[in-house]
Amino acid sequence: YCARTPERDLFMLYCETGAAQPELRGGLANRTYDAWWFEPRTGDWIDAGPLTADAWCRIPLPPLPSSQDWAMKVKLRESE
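Presented here is an overview of the structure given in this document.

Each value, and the rule that gives it
Residues numbered from 1 in each chain as written. Predicted model: local features only at pLDDT ≥ 70, side-chain atom pairs only at ≥ 80, totals over all residues. Heavy atoms only, no water. Helix = DSSP H or I, 4+ residues; strand = E, 2+ residues; numbered from the N terminus. Rg over C-alpha atoms; globule rule 2.2 N^0.38 Å. Buried < 20%, exposed > 50% of the residue type's maximum accessible area, 1.4 Å probe, protein only. Contact = heavy atoms within 4.5 Å. Phe/Tyr/Trp six-rings, centres within 6.5 Å; stacked < 30°, edge-to-face > 60°. Lys NZ or Arg CZ within 6 Å of the ring centre and 35° of its normal. Pairing = 2+ DSSP bridges. Core = buried A, V, L, I, M, F, W, Y, C linked by side-chain atoms within 4.5 Å.

### Overview of the overall build of the chain
Point 1. Scanning the chain from terminus to terminus reveals zero helices and seven strands.
Point 2. Helices (α) and strands (β) of the chain occur, in sequence order from the N terminus, as β-β-β-β-β-β-β.
Point 3. Its C-alpha atoms give the chain a radius of gyration of 12 Å, near enough to 12 Å, the size a compact globule of 80 residues would have.
Point 4. For the C-alpha atoms alone, the extent of the chain along its principal axes is close to 35 × 25 × 20 Å.
Point 5. With 80 residues in all, the chain has 34% of them scored as buried.
Point 6. Taking contacts inside the chain between residues at least 6 apart in sequence as the whole, the part at least 24 apart equals 60%.

Right, dumping it as structure tokens:
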């Protein structure tokens, strides 16, 4: 599941247990986003590093940390 702002500067994703590797589309072309995994079992946020949208507005995501459910926040880097 995914929701994003109309400005395409913030995405919130949720991956159920056993979900396939997610793909994220609809970012701003050639822009950098910062990403964090959310561990719902502990409430911890884990830095997932910078992600860059390609010319076709696709943002490649890192592998899920485990086969359990996870959430992710992807936010446009403001320094660009």
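After presenting the structure, the write-up continues.
### A few points about unusual backbone geometry
Point 1. Of note, Arg8 is a non-glycine position whose phi angle comes to about 60°, a positive value.
Point 2. Along the polypeptide, Arg8 turns up in the loop between strand 1 (2-4) and strand 2 (10-15).

### A word on the packing of aromatic side chains
Point 1. In this structure the tally under the stated criterion is four aromatic pairs.
Point 2. Considering the side-chain rings of Tyr1 and Tyr14, the 6.4 Å spacing of their centres and the 20° angle between planes classify their relative orientation as stacked. Note that Tyr1 is positioned in the segment before strand 1 and Tyr14 in strand 2, a separation of 13 residues in sequence.
Point 3. Look at Tyr14 and you get partly exposed, because its relative accessible area is 33%.
Point 4. Between Arg41 and the ring centre of Trp70, over which it is positioned, the NZ or CZ distance is 5.3 Å.

### Side note on the pairing of strand 2
In summary, the side chains of a regular strand alternate between the two faces of the sheet.
Point 1. Side chains Phe11, Leu13 and Cys15 project from strand 2 onto a buried face, and the interleaved Leu10, Met12 and Tyr14 project onto a face without burial.
Point 2. As judged from the three bridges shared by strand 1 and strand 2, these two strands associate in the antiparallel manner. The partner of Ala3 across the bridge, within strand 2, is Met12.
Point 3. Two successive antiparallel strands, strand 1 and strand 2, enclose a turn made up of five residues, where Arg8 displays a positive phi of approximately 60°.
Point 4. In the sheet, strand 2 pairs with strand 7 (residues 70-76) via six bridges, with the strands oriented antiparallel. Across the sheet, Met12 pairs through a bridge with Lys73, a residue of strand 7.

### What about the nonpolar core?
It is characteristic of soluble globular proteins that their nonpolar side chains tend to be buried jointly.
Point 1. Counting residues in each nonpolar core, the largest one holds 18 residues, and the members touching the most others are Tyr33, Ile59, Met72 and Val74.
Point 2. Element by element, the count of residues in this core is highest for strand 7, at four residues.

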